Structures are given as structure tokens and as C-alpha cells.
Amino acid sequence: MVLSKGRKIILITAVVVAILVIAYFAYTTYRNAQSKIDAAIEPILGGYALSYADPYDTETAEEFIERYWNPVKDKSSFQKKFVKQLQEQVIDLSFQNAELDMEDRISNEYWDEITNAQEPILKMMPFLQKVGYEEENLKTCLKDYYLRLAENERADQQEAQADSEQEQELNDANGLMSVLEKVSEFNDAAADYYQIPEDEIIPIEEVSEHYQAAIQLAQNADDLPVVAKALSQATSSPLLKEQSFMSSDQIADLFVASDADIYTLRNGIGGYYDIYKDQDSYMTYYGDFAYETYTSGGKKYDTSAFTPGLWNALTPGQQSEIRSGNSTTTHHNYYFLGKDAEQSFASDIPDLAQSGYGYVFCNPDGSAMFVSAKSATCYTGSGAYPIKGDFTKLVDRAAAKYNVSGEAQSQADDAVQSAVAAFLAGNYDDTVDMFLSFSDNGTRLVPICQFMKQMAQNGFLDEGIELVYSFIDLSDEDMVQFEKFLSELS
């Protein structure tokens, strides 16, 4: 049958309409699907959370997971777009904005001017761990981000110029280490599936070699501040804990002069303020050093009856006079061997003592080195640099000046051993009596630590802790040192 021209037009029109209807419904279906995907992705990457179901709010996280995340998380279209949005809206934009001035930075679809992708990534990872989301392309995207950071850091190093070779090596080491620290931060926040071995981003040995070069070059140039800075930064990194940069004897040879004077920050072992101290409540004593803090001024005018109206009725000059008369000033004074302390490290003494440092070697040129068994802090004139290591030899050398070793120490050792032997024999009361005797009723730090060490060696650390804490009466600073000792012992 041959259709007339009119019928042909009608048929073609019907087909076109059907196609348009199908296309409309297909587009609507697609848009609805995309909207659901966007509703799950956008809040994770910093966008708006629909219905206020915020994935990072403990009160609404479960609603977000059930209503928006779970319905789409297994769809390939979601997985692809999640990676795409993370790459384009967070990672790529962060690198682009990092090169721009503030006024030229670009916002992403979520109205964020991201300059550092680390922050949203670290925020995202615990959520992904909570919902158990694992996806290979996302894992690759995240690893590529840190590889790109490393690549950019190396490029920046090639362009930068320091004042000396040793400083350049140190800057190179610090730059690479900063990338590895970001990887380490990521691993702390991420589930096992997304873990990134630091060596796959930057070889640990490469960073170590830069630190070694900086130390050697600085040592050759007699540039002790750079030596101290490099040692401080290298030994403080958990990533380099297996690396050896310089022995404690070599460090002592560099930073402690042969004619250095030795002083103590510990009380009760014969320091200056064990003898010359008063009952001034403003004073805190640290062996050969003392710290005074007090406030002055204030309470010149009684304003208890003031109303807002009365205060506003005063002239600006009167208000200023009242504020000045009622303000207080806090004073901080530091003393050394009975005189005003003039050393560059004087204001740090309270923190150093409470951090476990017991002694300081003061050199004629004004530099100094504080020591504890596990660390030293060097003051070189350009700053203070903590260095981790085994400094027991220096501690023993300093302690000898205050008769902490020798015959008295031998007698104390015997008393400690007797107390431990009594405990092992089941004579608890005798153990307590001996402990109170050699520790001066729980007030002497050194023999208490020796007792705990021997108890731990015999497998009775917990029992020793229980006994000691029943009778201990240490000063605040010695208590800090004791607790640090226990943490290293356990």
C-alpha cells in the first residue's frame, strides 16, 4: 500500500516525536542517575551536602551513608566520576593554585580555592575506611598525587640556590622529607588497602644521603649551626630511625669544649639551689638555676558597681586610666647561681628540665649542650637544636661532678639490689622499708629509677610501678623525668 504524502508526514512526525520522547526519558534517567552520584561525591570532596546529611558529622553520617552513598557506591559510573572529580576538582586545582597569587586563584565546582590537596585527602580517608570503600583507580590516583609532589619538589630544588653547599644539601633533604611526611600522614589516616610505602615515592636512602652530605660539608666548613640543624632534623624523623649520621662521642667532640663548665638542672644532688633557696612561692628551682614568675599591678579602681551606662558616661581618658590601673603585668625572671641569668638559653630552663634534661655543658664562647640519656639540645648562637641519640656517657660525666656516682652511688646500688632481692623472696614489708630508706621516703629520682630498672629486668615491672606509686613523693620536674623513664623502660 502506497501512503499518501499527508500520511507520510504524519508517520514521520510520530517517529520523530517517539524518538524525542525516548531521548527525553533517557536524558532524564541519566540526569537523575548523575544527580544521585553527585549527591554522594560532592560532600566527600568539600561540596554541599543534600538534606544536611554531612558525611563528616557524626550525627548525620549514617543518614548520608544509607541515603546517598550506599545506593551508588558499587556502580562503575560512580567509581569513575569519583576519581575524575578528585583529580580535577581537588588535586589538579591544588597544583594550579599553588603557582598563582591569591587574587588569581581559581575556585572548583564546590567554591573552594584549594591550594593543598593534602587536607581534603586526609579528611576523606577515614570516611572511606569507615564505609570499607576500596577501588583500584582511586588508589592509583592517590599514589600519583604523592609522586607528583615529589617530582615538583625535585624541580624546585634545581631552581633554588642556598648560601652554601651544606645549606643547599640540607634544604634538599628537608624538601624531600616534607613530602615523605605527607605520605606518612596519609598512611596514618588511610586503611590498609590504600597504604603507600614511602620508599615508592622517594627512596629513604636519597634523603639520608642529602643529610649526610649536609653534615659532612658543614663539618668541613666548621659550620656548627648547620651540623646541629641537620642532625636535629635527621634524628627526629621516624622514617630515618634506622640511619646513623654521627656517634654521640663525635657530637660531643663538636659541641662540648674541653674546658666546658658543667651545671645541673636537677634538684637534690648538690646543685646551688639545694643549699641557697628560700620559701618564696614565686620561685621554682632547677639545680643551679631558678625561675621566678609573679604578677604586679591591677585592682587600683573598684569597678564592681559600674553599669554600662555609667561606663559609657566616662570620658575616653577616664576609661583609659581605669583600664591601665586595673591591668596586670606578669614578670618572668631567671637566675643562675644566685645571679640574674644572662645565658641565651635561660628562658628555656623550665621546659628543658621538665623534658628530662639533667645537665648542661656551657662553653666559653656562650654555646651550650644540654644532655639526657636519650637526647641532647645544642645552643649554637643561631638557635636550639634537639638531637636524639645515646648520651649516657655525657650524663655520667656530668653526674660525677655532683657525686651522683662513686662510693655513694655504689652504696645506693647495693641498697637497691637488696630491696629487689627482698621482693623476689616474698618479703614485701622489707622491700618497702628498704625502698623508703634508699629513696629518702620516695623523694630521690635516681635510686627510684634504678629500682624500677632492676624490677623490670626481673620481670616485675608492673609490681614495681604499683609499689613505687604508693610511696613516691617527687617534685614536679623529677616526676616528668620519672614518667619519661618509665615510658622508655616499658
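Residues numbered from 1 in each chain as written. Predicted model: local features only at pLDDT ≥ 70, side-chain atom pairs only at ≥ 80, totals over all residues. Heavy atoms only, no water.

An ideal rise of 1.5 Å per residue puts 34 Å on 24 residues; helix α5 (residues 136-159) measures up with 35 Å between its terminal C-alpha atoms. Residues of α5 that are buried: L138, C141, L142, Y145, Y146, L149, A150, E153 and Q157. The secondary structure elements touched by the buried residues of α5 are α3 (76-98), α4 (118-131) and α6 (165-189). Regarding α5, its N-cap is E135, as a side-chain oxygen of that residue lies 3.2 Å from the backbone nitrogen of N137 further along. (Helix = DSSP H or I, 4+ residues; strand = E, 2+ residues; numbered from the N terminus. Expected span 1.5 Å × (residues − 1). Buried < 20%, exposed > 50% of the residue type's maximum accessible area, 1.4 Å probe, protein only. Contact = heavy atoms within 4.5 Å. Polar contact = N/O pair within 3.5 Å; in protein donor to acceptor, adjacent residues only side chain to side chain.)

The subject of this paragraph is the confidence of the model for the chain. For the chain, per-residue confidence averages 85 on the pLDDT scale, and 88% of positions sit at 70 or higher. Ranking the helices and strands of the chain by mean pLDDT puts α4 first, with 96, and helix α1 (residues 5-41) last, with 59. Note on residues 406-410: pLDDT under 50 across the span, and four contacts to partners over four residues away in sequence or across chains. (pLDDT = per-residue confidence, 0-100.)

Looking now at the side chain of Q157. Relative to the assigned elements, Q157 resides in helix α5. Here the side chain of Q157 touches D172 through a polar contact of 2.9 Å, landing on its backbone oxygen. Excluding its chain neighbours within four sequence positions, the residues that come into contact with Q157 are Q168, N171, D172, G175 and L176.

Let us now look at the packing of α3 against α4. Interaxial distance between α3 and α4 falls to 12 Å at its minimum, and their mutual angle equals 155°. Here α3 lies roughly antiparallel to α4, going by the angle between them. For the pair α3 and α4, contact is made by F82, L86, V90 and I91 and by P120, I121, M124 and L128, respectively. The residue makeup of the contact of α3 with α4, split by class, is eight nonpolar, no polar and no charged. (Axes fitted to C-alpha atoms, helices over the stretch in contact; angles between N-to-C directions. Parallel < 35°, antiparallel > 145°, perpendicular 65-115°, else oblique. Nonpolar A, V, L, I, M, F, W, Y, C, P; charged D, E, K, R; others polar.)

In sheet architecture, strand pairing relies on hydrogen bonds along the backbone and comes in two forms, parallel and antiparallel. A sheet is described by the order of its strands in space; here five strands give the open sequence β1-β6-β7-β8-β9, paired in antiparallel fashion. Each of the sheet's edge strands pairs with one partner strand only, and the pair in question is β1 (261-264) and β9 (384-388). The sheet shows a mean angle of 20° between the axes of neighbouring strands, taken without regard to direction. Taken together, the four bridges between strand β7 (residues 368-371) and strand β8 (residues 375-379) define a ladder with antiparallel strand orientation. Counted as the bridge partner of V371 is A376 from β8. (Pairing = 2+ DSSP bridges.)

Before going further, it helps to spend a moment on the pattern of salt bridges. Scanning the entire structure with this criterion turns up nine salt bridges. Measuring nitrogen to oxygen at the nearest pair gives 3.5 Å for the salt bridge that ties R67 to E63. Of this pair, R67 and E63 are both found in helix α2 (residues 61-69), four residues apart, which corresponds to roughly one turn of the helix. (Salt bridge = Lys/Arg side-chain N within 4 Å of Asp/Glu carboxyl O.)

On to the environment of K139, then. The residue K139 is located in helix α5 in this model. In this structure the C-alpha to C-alpha distance between K139 and Y194, which are 55 residues apart in sequence, comes to 5.8 Å. For K139, the contacting residues outside a window of four places in its chain are Y193 and Y194.

Let us look at the nonpolar core. In this structure, W69, F82, L86, I121, M125, Y211 and M369 are the most contacted members of the largest nonpolar core, which totals 103 residues. In terms of residue count, α6 provides more of this core than any other element does, nine residues in total. Not counting residues up to four positions away in its chain, the partners in contact with F82 are I41, I44, L45, W69, M124, L128, Y133 and L138. The next biggest cluster of nonpolar side chains, apart from the first, holds 21 residues, and it includes A419, M455, L461 and I472. (Core = buried A, V, L, I, M, F, W, Y, C linked by side-chain atoms within 4.5 Å.)

For α3, with 23 residues, the first-to-last C-alpha span of 32 Å sits near the 33 Å given by 1.5 Å per residue. Most pronounced at Q87, the bend in α3 amounts to some 35°. (Bend = angle between axes of the 7 residues up to and from the residue.)

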